[in-house]
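# Secondary and tertiary structure notes
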Amino acid sequence: MSSEANQANAAAEPMTPTAYISEHLQNLNNTGGAQTSIVDFSIINLDTIFWASLMGLLTVFILLIAARRATPGVPGRFQCFVEIIVEMAETQSKNIVHGDRSYIAPLALFVFFWIILLNTLDLIPVDWVLGVNHFIESFGIHVPHHKVVPTTDLNATMGMSMSVLLLVFFYSFKVKGFGGFLHELISAPFGAKWYLAPFNLALNIIEYLAKGVSLGMRLFGNMYAGELVFLLIALLGSVWTFNLDLTLFGLVGHVIAGSAWAIFHILVILLQAFIFMMLTLVYIGQAHSHH
């Protein structure tokens with residue numbers, strides 16, 4: 001049976017709640033199918049790259065506009081908002097990182113803004129993407145899957161956490177030197193005894209791996225869970241059948257519950273961005289300290 005026939009049969013079959021959730025959680029990648037293994041470097045999630053890059057460029061644009069519009073006089077609301085965020089990032093970096101912060105404070109500011117924009121994509125109604133896909137199919141454009149929120153993709157969050165880990169190694173070499181960093185690996189935390197070197201090395205390797213994995217998993221887990229809640233709310237009141245549900249249960253279960261969770265999710269969005277920024281500063285600050 002051809003692929004066109006399979007797609008036609010799939011379209012004719014009624015969509016189940018499980019298929020509905022799977023449809024929203026599958027990325028558009030270069031293979032056209034679902035990723036079957038946790039680690040597969042041959043798969044490129046195109047939607048994740050697109051939205052992460054777009055939000056990164058938007059972050060740079062917003063900060064550039066704020067810098068060009070900054071005036072010594074009475075600031076406007078936009079300038080006041082940006083100045084509060086800049087002062088927060090500068091204060092936190094000053095308290096945590098003891099050393100040259102020429103690039104660290106701007107990095108913290110960029111990470112905070114960038115992750116806020118990435119997480120805010122989660123507030124887009126879950127069926128809008130599916131509706132857009134159905135709309136563009138009338139023009140002969142077929143997009144089988146598309147997931148908007150990059151932070152609900154483990155590949156993206158782990159890539160961000162590994163980037164932070166590379167920065168930790170960079171500043172460790174820069175501040176302590178190559179020899180000093182290697183000496184710290186085998187002498188801390190139990191002491192610079194030759195017979196303790198294997199235990200120190202093993203513990204430090206585990207610590208660095210735990211930092212990278214936990215940083216990415218924390219952001220992914222919270223945002224992925226939030227996305228699942230949005231999908232479950234969308235299923236309430238038989239909304240997943242894509243019929244207009246005007247019953248009381250459909251109104252309460254979908255509109256009111258979805259709005260309440262969206263308002264609460266704003267706190268999650270801001271909190272996860274702040275936590276990622278703070279942990280980035282903490283890890284880089286630890287790279288500046290000598291044990």
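Because the structure is predicted, anything quoted here is derived from the model rather than measured.

### Topic: the overall build of the protein
- Along its length, the protein carries nine helices and zero strands.
- Taken from N to C terminus, the helices and strands of the protein fall in the order α-α-α-α-α-α-α-α-α.
- A buried classification covers 38% of the 291 residues belonging to the protein.
- Here the analysis covers contacts within the protein between residues at least 6 apart in sequence; of these, 74% occur between residues at least 24 apart.
- A total accessible area of about 16600 Å² is found for the protein, and carbon and sulfur atoms account for 72% of it.

### Quick notes on the packing of aromatic side chains
- Enumeration over the complete set of coordinates arrives at 13 aromatic pairs.
- For the pair Phe181 and Tyr208, a centre-to-centre distance of 6.3 Å together with 55° between the ring planes defines the contact as tilted. Of this pair, Phe181 sits in helix H7 (residues 154–187) while Tyr208 sits in helix H8 (residues 197–235), and the two are 27 residues apart along the sequence. Each member of the pair, Phe181 as well as Tyr208, is classed as buried.

### Considering the packing of H7 against H8
- One way to put it is that H7 packs onto H8 with a least axis distance of 8 Å and a crossing angle of 155°. One element, H7, and the other, H8, form an angle in the roughly antiparallel class. Both H7 and H8 take part in a crossing whose hand is right-handed.
- The residue inventory of the contact of H7 with H8, partitioned by class, reads 19 nonpolar, eight polar and one charged.

### Some words on the UniProt feature "transmembrane region" (unreviewed entry) in the protein
- According to UniProt, the "transmembrane region" (unreviewed entry) feature falls on residues 49–67, 103–121, 154–173, 224–242 and 262–284.
- Within the segment residues 49–67, helix and strand shares are 100% and 0% respectively, and the terminal C-alpha atoms sit 27 Å apart.
- Note that residues 103–121 is 89% helix and 0% strand, and that its end C-alpha atoms are spaced 27 Å apart.

### Quick look at the nonpolar core
- In terms of nonpolar packing, the biggest core is built from 44 residues, with Met55, Ile115, Met160 and Phe276 touching the most fellow members.
- Those elements that provide at least two residues to this core are helix H3 (46–69), helix H4 (77–96), helix H5 (104–120), H7, H8 and helix H9 (248–288).
- Per-element tally for this core: the top contributor is H5, with eleven residues.
- Among the nonpolar cores identified, the runner-up in size contains eight residues, and Ile21, Leu25, Leu231 and Leu235 belong to it.

### Concerning the pattern of salt bridges
- A complete count under the given rule lists three salt bridges for this structure.
- We note a salt bridge from Glu184 to Lys176, for which the minimum N-O separation is 2.8 Å.
- Taking the relative accessible area as the measure of exposure, Lys176 reaches 13% and is therefore buried.
- Taking the shortest distance from any N to any O, the salt bridge between Lys211 and Glu207 comes out at 3.5 Å. On the criterion of helical spacing, the pair formed by Lys211 and Glu207 is a turn pair, its members being four residues apart in helix H8.

### Notes on the side chain of Ser161
- Tracing the sequence through the fold places Ser161 in helix H7.
- Within the structure, the side chain of Ser161 is placed 2.9 Å from the backbone oxygen of Gly212, a separation counted as a polar contact.
- The residues touching Ser161, leaving out its near neighbours within four places in the chain, are Gly212, Leu215, Gly216 and Phe276.

### Brief notes about H4
- Over its 20 residues, H4 runs 29 Å from end to end, which matches the ideal 28 Å to within 8%, given 1.5 Å per residue.
- Listing the buried residues of H4 in full gives Gln79, Val82, Ile85, Ala89, Ser93 and Ile96. All buried residues of H4 project into a common sector of 145° when viewed along the axis, lining one side. Of the residues in H4, the exposed ones pointing more than 90 degrees away from the buried face are Arg77, Ile84, Glu87, Lys94 and Asn95.

### Observations concerning the environment of Leu25
- Structurally, Leu25 is set in helix H2 (residues 17–25).
- With 127 residues separating them along the chain, Leu25 and Thr152 place their C-alpha atoms 8.5 Å apart.
- Setting aside anything within four residues of it in sequence, one finds Leu25 in contact with Lys147, Tyr224, Glu227, Leu228 and Leu231.

About the thresholds
Residues numbered from 1 in each chain as written. Predicted model: local features only at pLDDT ≥ 70, side-chain atom pairs only at ≥ 80, totals over all residues. Heavy atoms only, no water. Helix = DSSP H or I, 4+ residues; strand = E, 2+ residues; numbered from the N terminus. Buried < 20%, exposed > 50% of the residue type's maximum accessible area, 1.4 Å probe, protein only. Contact = heavy atoms within 4.5 Å. Areas by Shrake-Rupley, 256 points an atom, 1.4 Å probe, with all protein chains shown as cover. Phe/Tyr/Trp six-rings, centres within 6.5 Å; stacked < 30°, edge-to-face > 60°. Axes fitted to C-alpha atoms, helices over the stretch in contact; angles between N-to-C directions. Parallel < 35°, antiparallel > 145°, perpendicular 65-115°, else oblique. Left-handed = near helix turned anticlockwise from the far one by under 90°. Nonpolar A, V, L, I, M, F, W, Y, C, P; charged D, E, K, R; others polar. UniProt positions renumbered as here; feature names shortened; annotations may be inferred. Core = buried A, V, L, I, M, F, W, Y, C linked by side-chain atoms within 4.5 Å. Salt bridge = Lys/Arg side-chain N within 4 Å of Asp/Glu carboxyl O. Polar contact = N/O pair within 3.5 Å; in protein donor to acceptor, adjacent residues only side chain to side chain. Expected span 1.5 Å × (residues − 1). Arc of directions from axis to C-beta.

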